[in-house]
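Close look at the chain arrangement
So you can see what is in the structure, the chains are spelled out below.
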Amino acid sequence: MNILEMHNIHTYMAGFHILEGVNLTAEHGKLTILLGRNGSGKTTTIKTIMGLTPARSGEILFQGRPIQKLHDFEIPWLGISLVPEGRDVFSQLTVEENLLIAVRKGKKVPKQRLDYIVDIFPPMKNLFKKKGRNLSGGEKQMVAVARALVNEDKLLLIDEPTKGLAPIMVESMRLALAEIKKNATIILVEQNFEFAGSIADDFLIMEHGKIVCSGEIGDLINNREMQHMYLGV
Amino acid sequence: MSINRYLQKYRSALILIIILILLPLFSSEYIKVVAMQIFIFGVFAISYDILLGYTGIASFGHAIFFGTGAYVSALMMLKAGFSFWATIPFVVVSCAGIGLVIGLLTLRFATIYFTIVTLALGQFCYFLLTNALTYQYTGGDDGLHGLPMVLQTKNQMYYLALAFLLAAFFIAKKIISSPLGKTLVAIRENEFRAKMIGYNVLNYRLIALVISGIMAGLAGSFNAAMLRSVFPGFMGASTTIDVILMTILGGMGSLLGPVAGAALVIICQQYLSSYFEWWLLIFGVIFVLVVLFLPQGLISIVYRFRKKNTSGGLN
Ligand SMILES: Nc1ncnc2c1ncn2[C@@H]1O[C@H](COP(=O)(O)OP(=O)(O)O)[C@@H](O)[C@H]1O
Ligand SMILES: [Mg+2]
């Protein structure tokens, strides 16, 4: 079953035609990785799903229901969370408040979700009272991902979580995603093919605002030629 | 928290409140009036801080609310025989209404539109009060005078104004530390991030504007009650500029800062202006220096000093 489908999506930004007819599907329960060179439109695709850069035409189906007409702030309520590019925490709020503010139902992070988060990111235990602005880059990224886990969402969109992280942090992020993947459907944007190849089920490759290639990750791992052509590796 | 810890934590605040309670017993009438003015503008500045400091929206017409509050109270008391307290619900409703209308018209766009519209609307409201057609109701440039006394003595009025400030401060503090307050801070920092986790940013900005507008309106009403007069200047650009100065000089985003800013601006207006012809120039220089070198406002000096003190004490 497909949790998400995009049909012929066109998105414009500042008058520029950025997504030129994106077609993609992501299967329920899988980790689908979205690959492609810098500037190919991966972030715009993610933002278009979230309604932050609304599509001008085309259709987006979430669990079979069209969502492209919804307001940006309504989309998370369907059970979709975004971890945007760039270690996106609220700098003036504490880590605890950063998690709390993302909770949609109830007044606090459910205990069992909190345990789950600390399980995935053990260092978080000691960060709760720290302000966002006092975190290191790796800690910020952890909090940004953790914030997307407080609601038990159906779909997580994660945009380049390892960009600019030290190798050791990249490895712990990989372990964390492998763990998260057990209970959630994920679309992950990544440039780092090594990283991505090791945890993904399916892949999508984007070029000039279009999906040019997709399939099971094994097919891509075994196809050097395709890697070279689209990813330059 | 035990009583002792509580007393220790809020020691300076308690001392200040006790001094303010005792002040009328040994001060002149003039000082009482200045102090009352500070209390009332303190509330006005807190209302501005909720909007600018915590929500990140700059109003260039905040006197619209202050003036509306003052004129609604004054007109209802003078022309319809209402008591001051009976006018309060009308002040609340009219200021909330004005906030909602301005907000719905402008806040769905970039906040700069709100800033421009409030500037224009402020001018328009001032014109409305000073115009020949409305003279028979508003008294034009002369304003309205002879409002009935709310309380019997000046000292009672003093305590009413002080209670007004304390109540406004504690309510604002409660709002700011509630989930609503945290959401406002989050929206100020990054509205897209807030939308992305499911917040309807427009609604939250409207709520902040309505709260701020009501508070500013109430400050206007109390000012009318205290002076027993209203003037079109309450609605004018200079009143807006005053509240901006108070908030930024004192330190926006701190609630206490704007109150301190109100005290500073009013004391300077009262005293400096009688000694130095050039006081506005001096004031301008102070303002520029604060903006350049103390972006957190003058209150940040106090906070820095206190931090040093308390850490020293613990060691
Ligand atoms: N705000 C914007 N206005 C105009 N063009 C933009 C804007 N943001 C991104 N772009 C352009 O859109 C294209 C796709 O960007 P993006 O989706 O961020 O790519 P990726 O995430 O794959 O690196 C790029 O060519 C970029 O220059
Ligand atoms: Mg990107």
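Residues numbered from 1 in each chain as written. Chains lettered and ligands numbered in written order. Predicted model: local features only at pLDDT ≥ 70, side-chain atom pairs only at ≥ 80, totals over all residues. Heavy atoms only, no water.

1. Some thoughts on the site of ligand 1
Residue and element names in this part refer to chain A.
- Around ligand 1, the structure places Met-13, Ala-14, Phe-16, Ile-18, Arg-37, Asn-38, Gly-39, Ser-40, Gly-41, Lys-42, Thr-43 and Thr-44.
- Note that an oxygen atom of ligand 1 is positioned 3.5 Å from one of the side-chain N or O atoms of Asn-38.
- In isolation ligand 1 offers 560 Å² of accessible surface; the protein chains occlude 62% of this area.
- Elements represented by at least two residues in the shell around ligand 1 include exactly β2 (16-27) and α1 (42-49).
- Ranked by the residues each element gives to the shell around ligand 1, the list is headed by α1, at 3 residues.
- Classifying every residue of the shell around ligand 1 gives 4 nonpolar, 6 polar and 2 charged. (Near = heavy atom within 4 Å. Polar contact = N/O pair within 3.5 Å; in protein donor to acceptor, adjacent residues only side chain to side chain. Areas by Shrake-Rupley, 256 points an atom, 1.4 Å probe, with all protein chains shown as cover. Helix = DSSP H or I, 4+ residues; strand = E, 2+ residues; numbered from the N terminus. Nonpolar A, V, L, I, M, F, W, Y, C, P; charged D, E, K, R; others polar.)

2. A few points about unusual backbone geometry
All names here are of chain A.
- We note that Asn-8 has phi near 50°; this positive angle belongs to a residue other than glycine.
- Look at Gln-63: it is not a glycine, yet its phi comes out positive at around 50°.
- Tracing the chain through its elements places Gln-63 in the loop between β4 (57-62) and β5 (65-66).
- What makes Gln-63 partly exposed here is its relative accessible area of 38%. (Buried < 20%, exposed > 50% of the residue type's maximum accessible area, 1.4 Å probe, protein only.)

3. Observations concerning the packing of aromatic side chains
All names here are of chain B.
- The final tally for this structure, using the stated rule, is 16 aromatic pairs over all chains.
- On the basis of an interplanar angle of 65° and a centroid distance of 5.4 Å, the ring pair of Phe-39 and Tyr-158 is categorised as edge-to-face. Highlighted residues: Phe-39 in helix α3 (residues 29-54) and Tyr-158 in helix α8 (residues 154-177), separated in sequence by 119 residues.
- Residue classification places Tyr-158 among the buried positions, given a relative accessible area of 0%.
- Measuring from ring centre to ring centre gives 5.7 Å for Phe-66 and Phe-234, while their planes differ by 65°; the resulting arrangement is edge-to-face. Of the two residues, Phe-66 is situated in helix α4 (residues 63-80) and Phe-234 in the loop between β2 (229-230) and α12 (237-250); the sequence distance between them amounts to 168 residues. For the pair Phe-66 and Phe-234, one class covers both residues: buried. (Phe/Tyr/Trp six-rings, centres within 6.5 Å; stacked < 30°, edge-to-face > 60°.)

The quantities given are spatial measurements derived from coordinates; they are silent on function.
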